[in-house]
Amino acid sequence: MTKTIEITPGIETIFGTRDENLHLIQAALKVHIDLRSDALYIDGDPDAIARVEQIFSDYESLRRGGVALQNGELNGMLKLVTADKSVTLRGLVDSGKQRSAAGTRRMVQPRSINQRQYLEAIENNDMVFGIGPAGTGKTYLAVAMAVAAMTAKKVSRIVLVRPAVEAGERLGFLPGTLQEKVDPYLRPLYDALYDLLEPDRVDKMLERNVIEVAPLAFMRGRTLNDAFIIMDEAQNTTSEQMKMFLTRMGNNARAVITGDITQIDLPNPRKSGLIEAIEVLKGVEGIRFCHFEQGDVVRHQLVQRIVVAYDGYTRGQRELPLELEPMSQNGAAEKPDKPSVQTQ
């Protein structure tokens, strides 16, 4: 079956950079799209062609309604639409508008199936764990949902928490006040806030303590009522710290815990509080675990390839046989000679 879709002025923005969105639709729906100067000629199964028509119809309607989608955002949405028959481009935009707070600079929009499930889990559960590799939007989406919840008056404040653990290096003694000393560890949370809201608005909220950004150590002994609480980099908590944080929730509180168990900076990675929490809390009612994969990476395309390359390298290292120490003639392992110590 062949169908023709006329190219109207402005519709070409759906094609994407180097027609990448058309290639995506072709591969996902198993249709052939012939792009010509005046129209698109689509060959394939009638149901698949109907879905392609729906995509273009929705996009045209949104464009005329003043909705401008960036290509990266549109590409992620098309992945969702082509993967699930029940999802439409228009439905995704409508749900994104509902999640996005008034005055925010960006629309909260999932770009993968796992991100969509993550957002739905945050909406429907009081505690959610987002676990996965770098660049999958775990922290950004959590902060966006927190901003939306506070603007909708579902909570009265946002508390953003991070363990102050260096990523393999030592920063030494930092100058300034206590807050200025811990700010470098909390910078990613500030970045998400400033990307979502106008800088002046963020600064005012921080001044009034409506948004609080603090290291994990400041949480001990507190009860957080009517708050949306996010702990980032949870893989760098100890078992004791994780238990302490999880028991800070008060009345009308929500918590999102994010982390990447492949990037643990603790001296003993096996003591990660996040790894323990995954085992201890599985099956607990009211808690949802959402796992992300390499395909959910929404940063630069190279980030996804880097994550895949490191995962493959790590697995290969685990499978290498251990080097045996050289054996002496009597069968005992030879010990390396100790270097001689010279005294002055």
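Structure: see above.
Given the structure is predicted, the values throughout are model-derived calculations rather than measurements.

Cut-off values and rules
Residues numbered from 1 in each chain as written. Predicted model: local features only at pLDDT ≥ 70, side-chain atom pairs only at ≥ 80, totals over all residues. Heavy atoms only, no water. Helix = DSSP H or I, 4+ residues; strand = E, 2+ residues; numbered from the N terminus. Buried < 20%, exposed > 50% of the residue type's maximum accessible area, 1.4 Å probe, protein only. Areas by Shrake-Rupley, 256 points an atom, 1.4 Å probe, with all protein chains shown as cover. Phe/Tyr/Trp six-rings, centres within 6.5 Å; stacked < 30°, edge-to-face > 60°. Patch = residues over 30% accessible without salt bridge, like charges linked within 9 Å, V, L, I, M, F, W, Y side chains within 5 Å. Salt bridge = Lys/Arg side-chain N within 4 Å of Asp/Glu carboxyl O. Pairing = 2+ DSSP bridges. Axes fitted to C-alpha atoms, helices over the stretch in contact; angles between N-to-C directions. Contact = heavy atoms within 4.5 Å. Core = buried A, V, L, I, M, F, W, Y, C linked by side-chain atoms within 4.5 Å.

Chemist: Would you take a moment to explain the overall build of the chain for this structure?
Modeler: From N to C terminus, the chain includes eleven helices and nine strands. The proportion of buried residues among the 344 residues of the chain is 42%. Summing over all exposed atoms, the chain offers an accessible surface of approximately 19,700 Å²; the carbon and sulfur share of this is 50%.

Chemist: Would you mind showing me how to read the packing of aromatic side chains here?
Modeler: One pair of aromatic rings is described through two measures. These are the centre distance and the angle between the planes. Taken as a whole and judged by the stated rule, the model has two aromatic pairs. Between Tyr 118 and Phe 292, the ring centres sit 5.0 Å apart and the planes meet at 80°, which makes this aromatic pair edge-to-face. Taken as a pair, Tyr 118 in helix 5 (residues 113–124) and Phe 292 in the loop between strand 9 (287–291) and helix 11 (301–319) lie far apart in primary sequence, 174 residues in all. For Tyr 118, a relative accessible area of 0% puts it in the buried group.

Chemist: I'm lost on a nonpolar patch on the surface in this one. Help?
Modeler: On the surface, Leu 302, Ile 306 and Tyr 310 cluster together to form a nonpolar patch covering roughly 330 Å² of accessible area. Relative to the assigned elements, Leu 302 resides in helix 11.

Chemist: In this structure, what is going on with the pairing of strand 5 (residues 157–162)? I would like to understand it.
Modeler: Note on strand geometry: in a regular strand, side chains alternate between the two faces of the sheet. The element strand 5 is largely enclosed, with a buried count of five among its six residues. In the sheet, strand 5 pairs with strand 7 (residues 227–231) via five bridges, with the strands oriented parallel. When the bridges of strand 7 are listed, Ile 158 appears paired with Phe 228. Strand direction decides the pairing type here: strand 5 and strand 6 (residues 211–215), joined by five bridges, are parallel. Looking at strand 6, one finds that Leu 160 is bridged to Val 213.

Chemist: Looking at this model, I keep getting lost on the sheet that holds strand 4 (residues 127–131). Mind explaining?
Modeler: Strand pairing in a sheet relies on backbone hydrogen bonds. The paired strands run either parallel or antiparallel. Taken in spatial order, the six strands make up an open sheet running 6-5-7-8-4-9, and their pairing is parallel. In this open sheet, the two edge strands, each paired with only one partner strand, are strand 6 and strand 9. With strand direction ignored, the average angle separating the axes of adjacent strands in the sheet is 15°. In the packing of helix 6 (residues 138–151) onto the sheet, contacts are made with strand 4, strand 5, strand 6, strand 7 and strand 8 (254–259), and the angle to strand 7 comes to roughly 170°.

Chemist: I keep staring at the environment of Phe 129 and nothing clicks. Help me out?
Modeler: Looking at the element boundaries, Phe 129 is found in strand 4. Exposure remark for Phe 129: the relative accessible area of 0% places this residue in the buried category. Through-space distance from the C-alpha of Phe 129 to that of Tyr 118 is 8.9 Å; in sequence the pair is eleven residues apart. Filtering out sequence-adjacent residues up to four positions away, Phe 129 remains in contact with Leu 246, Ile 257, Leu 274, Ala 277, Leu 281, Ile 287, Arg 288, Phe 289 and Cys 290.

Chemist: Can you help me understand unusual backbone geometry in this one?
Modeler: Excluding glycine, most residues fall at negative phi; most peptide bonds, likewise, are trans. If you check the backbone angles, Asn 209 has positive phi at about 65° while not being a glycine. Turning to its location among the elements, Asn 209 is positioned in the loop between helix 8 (199–207) and strand 6. Residue classification places Asn 209 among the partly exposed positions, given a relative accessible area of 44%. Positive phi values are uncommon outside glycine, yet Asp 226 reaches one of about 50°. As for its placement among the helices and strands, Asp 226 is situated in the loop between strand 6 and strand 7.

Chemist: Whenever I open this one, the nonpolar core confuses me. Can you help?
Modeler: For soluble globular proteins, the rule of thumb is that nonpolar side chains tend to be buried together. Within the largest apolar cluster, 35 residues are counted, with the highest numbers of intra-cluster contacts made by Tyr 118, Leu 160 and Phe 228. Sorting the residues of this core by element identifies helix 5, helix 6, strand 5, helix 7 (178–196), helix 8, strand 6 and strand 7 as the ones contributing at least two each. The greatest single-element share of this core, amounting to nine residues, is contributed by helix 6. In contact with Phe 228, other than residues within four places in its own chain, are Ile 122, Ala 142, Met 145, Ala 146, Ala 149, Val 155, Arg 157, Ile 158, Val 159, Arg 254 and Val 256. With 30 residues, the next largest nonpolar core counts Phe 15, Leu 24, Leu 29 and Leu 74 among its residues.

Chemist: Help me understand the sheet that holds strand 2 (residues 32–35), please; the structure alone is not making it clear to me.
Modeler: On the basis of which strands lie adjacent, the open sheet formed by three strands has the order 1-3-2 and antiparallel pairing. A single partner strand is all that each edge strand has here, and the edge strands are strand 1 (2–6) and strand 2. Adjacent strand axes in the sheet meet at a mean angle of 20° when their direction is disregarded. Here strand 1 runs beside strand 3 (residues 39–43); their pairing, made up of five bridges, is antiparallel. Among the inter-strand pairings, Ile 5 is bridged to a residue of strand 3, identified as Leu 40. Packing of helix 1 (residues 20–29) onto the sheet brings it into contact with strand 2 and strand 3, and relative to strand 2 it is tilted by some 155°. The strands that helix 2 (residues 46–64) touches are strand 1 and strand 3; relative to strand 1, the one it contacts most, it runs at about 5°.

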